[in-house]
Amino acid sequence: MIIREPANSRDFKHYTTDRLREEFLIQDLFQVGKIQRVYSHIDRIITMGYCPGDKPQELGEGLDIWSTLGTDYFLERRELGAINVGGKGTIKVDGKEFTMNHQDGIYVGMGAKEVVFSSEDVKNPAKFYTLSAPAHKTYPNVHIDITKAKQVKLGDQSNCNKRTIFQFLHPDVLETCQLSMGLTKMESGNVWNTLPCHTHERRMEVYFYFDLSEDDVVFHLMGKPDETRHIVMRNEEAVISPSWSIHSGCGSTNYSFIWGMVGENKAFTDMDGIDMKDLK
């Protein structure tokens, strides 16, 4: 488990490119047979990538749970969300198996003791992008295929930000303690996400960019609105966004991204909009 400490906005303005990437960028999420986990002290969110090969992978595999989380098992005081961005697979939760097709999602409530990730075809492995947050109450486990997610269409072609938001872990779809999660797809010819941009002091966020070719990138903008920075993102990389930071991206082509939020509330529209003229 990689540990990331919080960064404050005053120190942030002095970071070099390398320091920005060290603090906020998450790479190598999907290596067949390996597990990537990054624990951020910002709202204690854990970002993980499971890519099982010929053997299943267990949620807490390879961890000393007590020294890492101070609990007897991974989800004793946590909840979890996952979206499969790879081939067909399964997630087994306390003996119940959920089939996970490409871009299916799942919510696993606090108290689940066994969570096992598997791929159906080793040559086209599942890629489970997974987030976990502290929880205080147990809610039912729910499988959500993309057709059951709430769809919200935003943007327009003239502003190059026409997109569809698929809300998976959202109050209109299912109950969670604090974790919100969804997937946004940019339409062809559209490259700007979350524009105009915003902050939300009551919640932090993690973005995961995918559906990019090897030669394409997304410039992820972050920082205070009046003093922005950027991180160059490539396919299947994630970035941690503190609550004080904007989080917007511009790609060399259209792309998709998964967003996940934790914090004081689950109100998707609880945000502080930034006027374009105030960006620097």
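You'll find the structure just up there.
Everything numeric here is computed off the predicted structure, so don't read it as measured data.

A. Seen up close, the sheet that holds strand 4 (residues 46-50). What the seven strands build is an open sheet, ordered 1-3-4-11-6-9-12; its pairing is mixed. A strand with exactly one partner marks an edge of an open sheet, and here the two such strands are strand 1 (2-4) and strand 12 (142-144). Taken pair by pair, the neighbouring strands of this sheet meet at an average axis angle of 15°, ignoring direction.

B. Structural context of the nonpolar core. By size, the foremost hydrophobic cluster in this structure holds 56 residues, and its most contacted members are Phe24, Tyr129, Phe168, Phe208, Tyr209 and Ile258. Top contributing element to this core by residue count: strand 18 (residues 203-210), with six residues. Setting aside anything within four residues of it in sequence, one finds Phe24 in contact with Arg4, Ala7, Phe12, Tyr15, Met222, Ile231, Ala238, Val239, Ile240 and Pro242. Within the second largest apolar cluster, 23 residues are counted, among which are Ala82, Val108, Ala112 and Phe117.

C. Spotlight on the side chain of Ser256. Locating Ser256 in the fold gives a position in strand 23 (residues 256-263). Here Ser256 falls in the buried class, since its relative accessible area comes to 4%. A polar contact of 2.8 Å, which involves the side chain of Ser256, links it to the side chain of Asp211. Ser256 has contacts with Thr184, Lys185, Phe208, Tyr209, Phe210 and Asp211, leaving out every residue within four places of it along the chain.

D. Spatial organisation of the pattern of salt bridges. Under the defined criterion, the tally for this structure stands at ten salt bridges. For Arg19, the salt bridge identified is with Glu23, shortest N-O distance 2.8 Å. In this pair, Arg19 and Glu23 are both assigned in helix 2 (residues 17-24), four residues apart and thus about one turn of the helix distant. Residue classification places Arg19 among the partly exposed residues on the basis of a relative accessible area of 35%. Judged by relative accessible area, Glu23 falls into the buried class, the value being 17%.

So, how was this worked out
- Residues numbered from 1 in each chain as written.
- Predicted model: local features only at pLDDT ≥ 70, side-chain atom pairs only at ≥ 80, totals over all residues.
- Heavy atoms only, no water.
- Pairing = 2+ DSSP bridges.
- Helix = DSSP H or I, 4+ residues; strand = E, 2+ residues; numbered from the N terminus.
- Axes fitted to C-alpha atoms, helices over the stretch in contact; angles between N-to-C directions.
- Core = buried A, V, L, I, M, F, W, Y, C linked by side-chain atoms within 4.5 Å.
- Buried < 20%, exposed > 50% of the residue type's maximum accessible area, 1.4 Å probe, protein only.
- Contact = heavy atoms within 4.5 Å.
- Polar contact = N/O pair within 3.5 Å; in protein donor to acceptor, adjacent residues only side chain to side chain.
- Salt bridge = Lys/Arg side-chain N within 4 Å of Asp/Glu carboxyl O.

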